[in-house]
Each structure stands twice: as C-alpha cells, then as structure tokens.
Amino acid sequence: MAKKKPIASMFRSIPVDKLVEADALIELQSLAEEISYHDEKYHSDDSPEITDGEYDSLRRRNEKIEKRFPKLILKNTPSKKVGSKASSKFKKVKHTEAMLSLGNAFSEQDVRDFLDKVKRFLGINDDPELIAETKVDGLACSLRYENRQLIRALTRGDGEFGEDITKNIMTLNDVPKFLPDDAPNVLEIRGEVYMRTKDFFSLNERQEKEGKKLFANPRNAAAGSLRQLDSKITAKRKLHFCAYGWGEHSESIGDTIESFRKNLFKWGFQLNGPAQTFSDINDLIYYYQKVQEARPFMGYDIDGTVYKVNEMHYIDRLGFVGRAPRWAIAHKFPAEKGITVIKDITIQVGRTGALTPVAELEPVNIGGVIISRATLHNEDEIIRKDIRVGDTVIVQRAGDVIPQITEVKKHDVDSKEFKFPTKCPSCGSEAIRIGEDIIRRCVGGLTCPAQQVEKIKHFTSKNAFDIDGMGDKVIELLFEKGIIKTPSDLFNIEEKNSKLHTPIQNWEGWGQLSYNNMINGINEKRTIILNKFIYALGIRYVGEQNAKLLSKRYTSIENFLESMQKATVEESEEFNSLLNIDGIGDKVAQEIIAFFKEKHNIKEIEKLVSLINVTNYEIHTAQTAITNKTIVFTGSLSKMSRAEAKANAEKMGAKVSNSVSKKTNLVVAGEESGSKLKKAQELGIEIISEDQWLEIIKS
C-alpha cells in the first residue's frame, strides 16, 4: 500500500519565535511525518515531490523548533536520521564506515555559527582553514577498491546499509576501474552520480517519443537510471561521477582536503569544482555568492556549496555527531515561487484532533518539481488572506514555510468562499475552538480514529517492526473492529480471531490468503533486534539514532529494562550512566525515565517481551585497550574539550560515567581535580593524566 502523503500543520506560517509549546509539539510531529515521507520518495523511490530547497527548509524549521524547545524533541526526530532504507530491488550491503549526510546552513549567520562550534569543540581561538566546494545534486555513491581494483559500489541507503549497484556503476566512463600504484591498497571513495542538463532534456525527449514516464529533474533521472535492474539501460544513459569524500582507507589519502583532492585527480577521478581554500569567512561567503551567480551556466545542477575544515588532523578530532560530520556543512541555495489556481480546499485531521485546511492546486512546475497541494494552516489564515476556491495564488517553496500560499493574486469571477467545517470529517464529532485557540479541534478524543491509532502505526512502521501487510488501512480497520487497541494486541490476533462470530478472513474484501499473509507478516516479526524494539516503543525523543545509542550501551532487553527501572531513582548509578551516553543528554534521559516510571508502560513491554523475541544488539567495533571499561573525566582538560574526550572514549568502546564508583575502571584527571580524584584514590582506581590519555588515543 502506498504511503499517504502527509500535510503540513496549521502552524507552518507562524515564525518559530512566536510558537507556544503546545503548537510547537504539533508542528514537530507534522514535520517528522513530512520529512520521513519525502526521504522515502527521494532516496528509495527516486520520485521526489518537492525540491531540495523545499526539503531543506522543512529540516531547517524542524531544527529551529528543536533548538527553542529541546524538551519537545520527538522519538522519531528527523535530525537524527540519514536517507532511507535500501531498496528491496538490490542486495543490501553494510557500509564499512557509515555514509552520513551533511548539516545545512541557509544564511551567513548559520555559517558563522558552524565555525564557532568547530572552534569550541577543538578549543582553539583562530579560525581553521576551510575549503569550499560546489554541491552537485545527484545520487550519493560509495566506491570500494581492493588491490586498487573496483570491487563494489553502494548507494547511501540509510547510511548503514546501501544498495549494491556495482554492475551499473561499471558502465560509467567517469569511474576508474583500476587505480595507479600510489593509491592505497584498500580505498573507499564517496561521490555523486549525476546527469548533465543537456543529457537530461535529451533523455526526456526519448521518453516522450516512446510513451514512457518523464523524469522531473536531472537528479531524479540520474537516480532512476542508476537503479535499473538491467545495466544495459544504465549504460545508455549519460551518467557522470564526481568524487569528494572517503570511507575506509588502508593508507594516508592526504594531510588536507586540498591534497586529497589532488590525489583524487591523479588517481583518475573527476572532481566537483571550482574549489578554493579560505582563512577568512567573508571570502567564503563571497565564494558562495559567485557560485550562485554561475549556477545557471554550469551545465549540471548544484544546490549549494560545501565548506569543510581543510586539515585532516582537525577532521579526525572533530568526528561526527548524530547524522552529520562536525567538520563540514552545506550552504544551500534558496528555492523558488510559482503561480497556480486553487481547485478545492480539503480538511485533514491530525493525531491531536487538529483540523488542517489543505489547498488542492492546479499542478504547477517549480524548479522541475510538480506541486499540487499546499497547507492553508488554519481557519483564521484563510479569512486573513481571503483565500477562496478558484483563486489564482502565489505558492512559496523557500524559507521556513514549505509549501505555503503567500498571497492571493486575483479572485476568479466564480471563486467561492470556503466555510470551515464544525464537524470532524473523520468521526463526525463536534470540531470546536476553545478560548483564543486558532485551531479548531475534534472533541472525539480517543473515539476519533484519526488520533487513536497513531501509536500502533508507529509500532508497525518501517523503522520499527516493519510488519508486512499491516498498512494504515488495515490498522484502522482492525482498530475499528476492536481487534487491536495496544501494540501487544497485534501478536494475539489469531487468538481473538478464533472467538469472532465472523472471522477476519470472511470480512468483505478479505479472504483466507489475505488473512494468512497478515498473520505470516506478524509472525515473521516476532523476532526483532533491540534497537528497533526500543524505537518501536514510541518514547518521546528516542528516534532511530538514540535507540541505537541505548542499545549499544545496554546490548540486551534484560539489561535495558533493568537499568531503566533502576534509573528512575535520580542520582543512582544507572541514572548517571544514562545521562552520560554521548548523544542522549539530560532532556532525552528525563523523557526515558518518565516513560519507565509509568507502570502501564512496563506492563505493556513485559507483555510484548512474553510474546516476541528481542535479540541482543551486537557491537561491531575493533577491540581497544579501554573497550567495555568505565571511565570518569575530572578536572580541567587543557589539550581537548570535555566533549571531544568523551566522544573519543565512546568511539573506542568505553563507557563514560559522571561519578566515581567501584565499577569505575579508569579516571582521567586534569588540572584542579577535586572530590572525584580523592574518591578514586580511596577506592584504588587507576588514575592517569591528560597526556597519558592522549597516548591511549594515539595507540
């Protein structure tokens, strides 16, 4: 069943600094749904419905709201996700090193903020040298060379697993099949597969003559061509590859990005350019402006510039956070506007009962993407802008609001005023406004299907249990019939079905085969890995990335449940251990603890665990001298920041704690160490200096 396209919330037109907490939560939920939908359309289906500018604006608004309301960060926050799952059409292969994406900047201030964060992390005062490159708009790809011969090519996928497209990549003339003798024996090169503008138009001309579907833009054409099951078709498409990054490598690839690029060119790769190094941020911004001016004449699509810290020794220290490197950022170009006509106005009911008006538009092509719907936000917004069915309107697809109708260009003679409904279109309950609330809400509450089934939909979603045959329509039907009310009910459907007067297989539109497929889909997912199980629970702020961080720390469902219940006691060792997981933070930890303080949550988890098998999370990392050891940092560190020290320790497989106890294995003592150092001495725990810690990292 095709995934239903979500609609923007009614708050999309409200500036972030004007949002109140309750509205911000609804907006974050709406953004998470939209971004997830468009991730799948872009990365898995090669059929994006919005431009990169519009997509980036969605992410930007999400990040701004999260920054202003950190305690509202969702369990499935897009800020911790990369790409989408690998397509089932190709073999899935795990990247030897995660293939992550870049953070985005949309203004000069964003770039300055990025640079300030780099300096704070490194503990330096002077600006590091940066290198600027163009950002080619194509499909990210990783090439693996062993014994200097190309052996595998993977798409980004979800950053952890990619699609094996080796046969198709072999048809590209820009991709070297063998490397010269001075290249590393093992080398992974990351880059972009793209199509030139003239070749894109030629391809669409052929598609039209042959009565085939036209591609929306060159990026879509490149992705579709590269994902052909028949490599002969790929060979006929004029695809190109430019290199800009790296993965695993057995030898040095250069001391700087600049020297790495020179090596890439020497080894036979085409590069994204022009590229320049800068030590002054004003020159960097000037570069951005000049590239933007040259954009129409480059012969291929670019959607921004990329700034990277040039020195490799800084890059190694900075590492990654969440879904992006700390040492690089993409400075994106703004998107465009279009003029179209409103054909109709429909209403969507959100999970909180909010009624959102949606403009059904005469399809308009803006920047190569067809737009046919836009949010109208709320009842007052329609009145304020005097928006009517039949109006000619301007649609904006840039900035914080994507897509939105910015103004009515003219009223048609037959334009009709829209009367906002006072009944919920989902359940027929009253839809009312309370006090000064700008939102009209359904009062049906738990009786309204649009609100009640969201937890089960999340539980069965792709990144959670991913149950085949359990789409939105099936969940809504089973819920309506009273078969499922909680996630654990899914695994008792057979038992409940046996007691029904009319069993499911005899329902209209069903049959024994449909029923068997659903039950088989459920039974096939009775075994699930720990991180997916944690994500499926729907704990606020615990998205895929945080679920993996928790799984890495606790490894088994037994350890996780025991530790989380103990962590509900503040200042306990388990509480401090949770707080000190790099990437979790105080707000996330508090939400996890609040979840496990609720007895009904524990009861539901225990019921689930009795019905399924939750397998351990396996950590595939090289063993180091401090793997599985608990480390405490105390005092002031002078040669690196506390954040960098903590990141290095966890990267090497250690656990970082905030307090010294009998379970502590090592204490790193900086200057002016106090009570923690004294306690470590009393307990006889090994104590080392910052210099000794640096030696451990180097080794």
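Please refer to the structure placed before this passage.
Worth saying up front: this structure is predicted, and the values here are computed from it rather than measured. Going along each chain's sequence as written, the residues are numbered from 1 onward. Side-chain atom pairs in this predicted model are given and counted only at pLDDT of 80 or more, local residue features only at pLDDT of at least 70, and totals for whole chains, interfaces and linings cover all residues. Processing note: side-chain calculations cover all non-hydrogen atoms of the structure and skip hydrogens and water entirely.

Draft legend 1. Seen up close, the packing of helix H3 (residues 108-122) against helix H9 (residues 281-294). In contact at an axis separation of 11 Å, H3 and H9 are set at 135 degrees when each is read in the N-to-C sense. The angle between the axes of H3 and H9 places the two elements in the oblique class. As for how H3 packs across H9, the hand of that crossing is right-handed. Seen from H3, the contacting residues are Glu108, Val111, Arg112 and Leu115; seen from H9, they are Ile281, Asn282, Leu284 and Ile285. Helix axes are fitted to C-alpha atoms over the stretch in contact, other axes to C-alpha atoms as well, and angles between N-to-C directions run from 0 to 180 degrees. Secondary structure follows DSSP: runs of H or I at least 4 residues long count as helices, runs of E at least 2 residues long count as strands, and numbering of each begins at the N terminus. Orientation categories follow fixed angle ranges, with anything under 35 degrees roughly parallel, anything over 145 roughly antiparallel, 65 to 115 roughly perpendicular, and all other angles oblique. The hand of a helix crossing depends on one turn: near helix anticlockwise from the far one by less than a right angle means left-handed, and clockwise means right-handed. Contacts between residues were defined by any pair of non-hydrogen atoms, one from each residue, lying within 4.5 Å.

Draft legend 2. Spatial organisation of the sheet that holds strand S9 (residues 276-278). Within the open sheet, the five strands sit side by side as S2-S13-S10-S3-S9. Their pairing is mixed. Edge strands, defined here as strands with exactly one partner in the open sheet, are strand S2 (103-105) and S9. Adjacent strand axes in the sheet meet at a mean angle of 35 degrees, parallel and antiparallel pairs treated alike. Strands are labelled as partners when DSSP assigns at least two bridges between them. By the bridge criterion, six bridges tie strand S3 (residues 130-136) to strand S10 (residues 302-309) in an arrangement that is antiparallel. Counterpart to Thr134 in the pairing with S10 is Thr305.

Draft legend 3. Structural context of the packing of aromatic side chains. Aromatic rings from Phe, Tyr and Trp, with only the six-membered ring used for Trp, were paired whenever their centres fell within 6.5 Å, and each pair was classed as stacked if the ring planes differed by under 30 degrees, edge-to-face if by over 60, and tilted otherwise. Enumeration over the complete set of coordinates arrives at 17 aromatic pairs. Arranged with centres 6.0 Å apart and planes meeting at 85 degrees, the rings of Tyr145 and Phe269 form a pair that is edge-to-face. In this pair, Tyr145 is assigned in strand S4 (residues 139-146) and Phe269 in the loop between helix H8 (257-266) and S9, connecting sequence segments 124 residues apart. Accessibility here uses a 1.4 Å probe with only protein chains present; expressed as a share of the type maximum, an area under 20% marks a residue as buried, one over 50% as exposed, and anything in between as partly exposed. Its relative accessible area of 0% is what places Phe269 among the buried residues.

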